[in-house]
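What the coordinates show
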Number of protein chains: 2
Amino acid sequence: MTFQSMWAELLPLGRSSASGGYRRFAWTGADAECREWFREQAEARGLAYEVDRNGNQWAWLGDPAAGDAVVTGSHLDSVPDGGAFDGPLGVVSSFAALDELSRRGVEFTKPLALVNFGDEEGARFGLACVGSRLTAGELTVEQAHRLTDADGVSLPRAMEAAGYDPDAIGADPERLARIGAFVELHVEQGRALDLSGDRVGIASAIWPHGRWRFDFRGEANHAGTTRLVDRRDPMLSYAETVLAARREAELAGAVATFGKIAVEPNGVNAIPSLVRGWLDSRAADQHTLDLVVTGVEKAAREYAAAHGVDLDVVRESFTPVVEFDHALRDELARILGKDTDLRVPVLGTGAGHDAGILSGRIPTAMLFVRNPTGVSHSPAEHAAEDDCVAGVLALADVLEGLACR
Amino acid sequence: MTFQSMWAELLPLGRSSASGGYRRFAWTGADAECREWFREQAEARGLAYEVDRNGNQWAWLGDPAAGDAVVTGSHLDSVPDGGAFDGPLGVVSSFAALDELSRRGVEFTKPLALVNFGDEEGARFGLACVGSRLTAGELTVEQAHRLTDADGVSLPRAMEAAGYDPDAIGADPERLARIGAFVELHVEQGRALDLSGDRVGIASAIWPHGRWRFDFRGEANHAGTTRLVDRRDPMLSYAETVLAARREAELAGAVATFGKIAVEPNGVNAIPSLVRGWLDSRAADQHTLDLVVTGVEKAAREYAAAHGVDLDVVRESFTPVVEFDHALRDELARILGKDTDLRVPVLGTGAGHDAGILSGRIPTAMLFVRNPTGVSHSPAEHAAEDDCVAGVLALADVLEGLACR
């Protein structure tokens, strides 16, 4: 199958007709359709298909037990109303790169695997990269069992409903020990390649980033009859905190976003009892990120106190700065540098990835494909077909260079 | 049945074990249970039970066709996580007042009816007083058919699913023509009676009030990789508008509240494409309310423009100032004034009621029962049993005075 035909097959799965975006949330029907597609692609190529204890899908060429495997892949799930490229481009490109190497008739000297990591976006349970975190031992079984979705369904129950065994989950060091290198191809989620005029780039580092939940608790009351002075309205403190986050991020040259909110009781004529807002913040280094988040929290506490509102701040997830393996990064640059037509810049990113999680355990690298608008996590996310094909060829070169040497 | 035993029967219906508040939304299972309770109470007393074309429930004593009927009642539905008293106190007190008059052995010279109006709170379809608005012709059939809930279920489909005929809905002037007076008893939703030390009050007027929907549309994008200068983040304009509403209301001596919000895609790591906030605002007079809402909208447009965000403002509902019928109000004061132990102040309110909707068509009046904290639309809403009993006796006196003269 060509890149284009694989892409066309995957395109309608889990797509919302209302928004045109994707709602491929972990362990839902749309997720199952994507996973079935992965299994079919693996089997159509005669690859050895398996699902690991954490629900990640693998397709092997060669003997996994031989060790020093070269692995590539990404994820197929999406944020709410996400785009078509974030995740799937890496998975489809993996299969397409394998097909390209088959055409080239190369002989692999190492085992090769393609992977689809489960629940990368964390759209359903609020924690990103659950599949790779579990495998890497960065998320304990107890922590995973406590995750629940907006309807109160726990991760174990959701996995069970999707036909997986939640009692099997946990760290998987033997699996990681078999991997010599992991390379994830991903659409760029900014405009760096577009601004520099390049099709493909190599990742240098992932900014440290995290999610903080701000629970502002006031008192529910009638919006028509409660005097302003008698109110303890948490929406006011929330609003002030949203603006404080923007100011702190601007001052620090970082980013900070309140993109998700949950309000109780969320009635037009009721002062809220609870406004829960999630802060996503990232910066080029740890010190800067600390400054931003500390500043936002300090401001929020002052606003809450002024309104008689209680505030709890919980850090829900955190990923320190990830410097990708320098030796592997240089090897990728060397391999791709052989093609004199392709200039491959090295760039950092504010987005988290499974590659970032795994980089603490095994040598990992990332390839980025140009995003002409920089738009991501949106139905408008896009990459030109020419650039996608350039990404496939670059990935094929990398796999050939790593697995055939 | 005593007031207390009726109260105890109704108490568990539609109650959330999580919040302790009520989720009795129109045409849901919890609503059906409350309606079944009303039917049983009517039939247990040998009253003639009927449901009108708009789904409002009626229980008649005497011949409706005789005209000049005296009607009392309220509603049984709730806001999200509402209290036990807002609505049900008026319905339960109606049955209890009838029982009291039965004990007194009074002879009615006019027909008497008890009523439970459907969908007063508007919690599900976003418009308050749907049952009385339809009956009064204040809401057209076309407008009602366009109402949808958060899941996209239309009002007609919801009525149908609950076993009612949505094709029958519409203005009901013949029914209103049979009514000589409507009296609604309601828990006070402020602290005026508590501050004056009175158990029961008579309504003078309902403040003009309305709901405006603010749709801030920006561009969904990745929260980690999109530079602040490239963002069109509608959450920022929303936050600024929330604070502007508070300032405008403070300046004008009015109230303004953003208590409900809907965000798309509502992901932690996504800049929102849409932030939809609902403004509820009320003031003692029309001019003041206009000033507040105009001021908020003007500020919101400036904020939106500054962030490259589009703004639509839609007035979803509006109720002008309601001056209750002066003759009926004076009659209530005269009747209750005979009891020298009961001082009955006359007070205004910022809350809307079915009585306010009907006041444009028939003489209406309201009785308020003391609320010691003023808290309403909250699980903490409360009224003391002694005050509730005083309300029942006052309502019985009023019904006797109006229907036995």
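Residues numbered from 1 in each chain as written. Chains lettered and ligands numbered in written order. Predicted model: local features only at pLDDT ≥ 70, side-chain atom pairs only at ≥ 80, totals over all residues. Heavy atoms only, no water.

1. With respect to the overall build of chain A
From N to C terminus, chain A includes 13 helices and 15 strands. Computed over the C-alpha atoms, the radius of gyration of chain A is 22 Å, within 12% of the 22 Å expected from 2.2 N^0.38 for a compact globule of 405 residues. Taking the principal axes of its C-alpha atoms as reference, chain A extends roughly 80 × 45 × 40 Å. When the 405 residues of chain A are sorted by exposure, 61% land in the buried category. Counted over contacts in chain A with a minimum sequence separation of 6, partners at least 24 positions apart contribute 77%. Summing over all exposed atoms, chain A offers an accessible surface of approximately 14500 Å²; the carbon and sulfur share of this is 49%. Averaging the coordinates of the 39 positive side-chain charges in chain A and doing the same for the 61 negative ones gives two points 3 Å apart. (Helix = DSSP H or I, 4+ residues; strand = E, 2+ residues; numbered from the N terminus. Rg over C-alpha atoms; globule rule 2.2 N^0.38 Å. Buried < 20%, exposed > 50% of the residue type's maximum accessible area, 1.4 Å probe, protein only. Contact = heavy atoms within 4.5 Å. Areas by Shrake-Rupley, 256 points an atom, 1.4 Å probe, with all protein chains shown as cover. Lys, Arg positive; Asp, Glu negative; His and termini not counted. Charge placed at Lys NZ, Arg CZ, Asp CG, Glu CD.)

2. Thoughts on the relation of the copies chain B and chain A
Between the two copies of the chain lies a relationship made up of a rotation around an axis and a movement along it. It takes a turn of 180° to lay chain B on chain A, together with a shift of 0.0 Å along the axis; the resulting RMSD is 0.0 Å. Each copy turns onto its partner about a two-fold axis. Closest approach to the rotation axis among the C-alpha atoms of chain B is made by A239 of chain B, whose C-alpha sits 2.1 Å away. Here 100% of the contact residues of chain B are again contact residues in chain A; the copies associate through an equivalent surface. (Least-squares fit on C-alpha atoms with pLDDT ≥ 70 in both.)

3. As for the interface of chain B and chain A
Facing 56 residues of chain B, the contacting portion of chain A comprises 56 residues. Summing both sides of the interface, chain B and chain A together bury roughly 5100 Å²; the carbon and sulfur share of this comes to 61%. Area buried by chain B at its contact with chain A is led by L228, R246 and V268 of chain B, which between them contribute 14% of it. Linking chain B with chain A are zero salt bridges. Elements that contribute at least two residues to the side of chain B that touches chain A include exactly β8 (221–222), α9 (234–252), β9 (255–264), β10 (270–271) and β11 (274–282) of chain B. When grouped by side-chain class, the residues that make up the side of chain B that touches chain A number 26 nonpolar, 18 polar and twelve charged. (Buried area = accessible area lost by both parts, 1.4 Å probe. Salt bridge = Lys/Arg side-chain N within 4 Å of Asp/Glu carboxyl O. Nonpolar A, V, L, I, M, F, W, Y, C, P; charged D, E, K, R; others polar.)

4. Overview of the pairing of strand β3 (residues 69–75) of chain A
All names here are of chain A. Within β3, seven of the seven residues are buried, which leaves it mostly tucked inside the rest of the structure. Alternating positions in β3 separate into two faces, A69, V71, G73 and H75 on one and V70, T72 and S74 on the other, with burial throughout. Note that β3 and strand β5 (residues 179–187) share four bridges and pair parallel. When the sheet's bridge partners are listed, T72 is paired in β5 with V183. Examined bridge by bridge, β3 and strand β4 (residues 112–117) share six bridges and lie parallel to one another. (Pairing = 2+ DSSP bridges.)

5. Re the packing of helix α2 (residues 29–44) of chain A against helix α3 (residues 88–104) of chain A
Residues and elements named next belong to chain A. Their axes nearest at 11 Å, the elements α2 and α3 cross at an angle of 10°. By the angle between their directions, the pair α2 and α3 is classed as roughly parallel. Across the interface between the two elements, W37, F38, Q41 and A42 of α2 pack against V91, V92 and F95 of α3. For the contact of α2 with α3, a count of residues per class yields six nonpolar, one polar and no charged. (Axes fitted to C-alpha atoms, helices over the stretch in contact; angles between N-to-C directions. Parallel < 35°, antiparallel > 145°, perpendicular 65-115°, else oblique.)

6. Looking at the sheet that holds strand β12 (residues 310–319) of chain B
All names here are of chain B. Taking strand neighbours across the sheet as the criterion, the four strands line up as β9-β11-β7-β12 in an open arrangement whose pairing is antiparallel. At either end of the open sheet lies a strand with only one pairing partner, and these are β9 and β12. Averaged over all adjacent pairs, the angle separating strand axes in this sheet is 15°, with direction ignored. Pairing analysis gives nine bridges linking strand β7 (residues 209–217) to β11, with the strands arranged antiparallel. Residue pairing for β11: W212 is matched across the bridge by L279. Here α9 sits on the sheet and contacts β7, β9 and β11; the angle it forms with β9, its principal contact strand, is near 170°. Those strands touched by helix α10 (residues 286–306) are β7, β9, β11 and β12, and its axis lies near 5° from that of β7.

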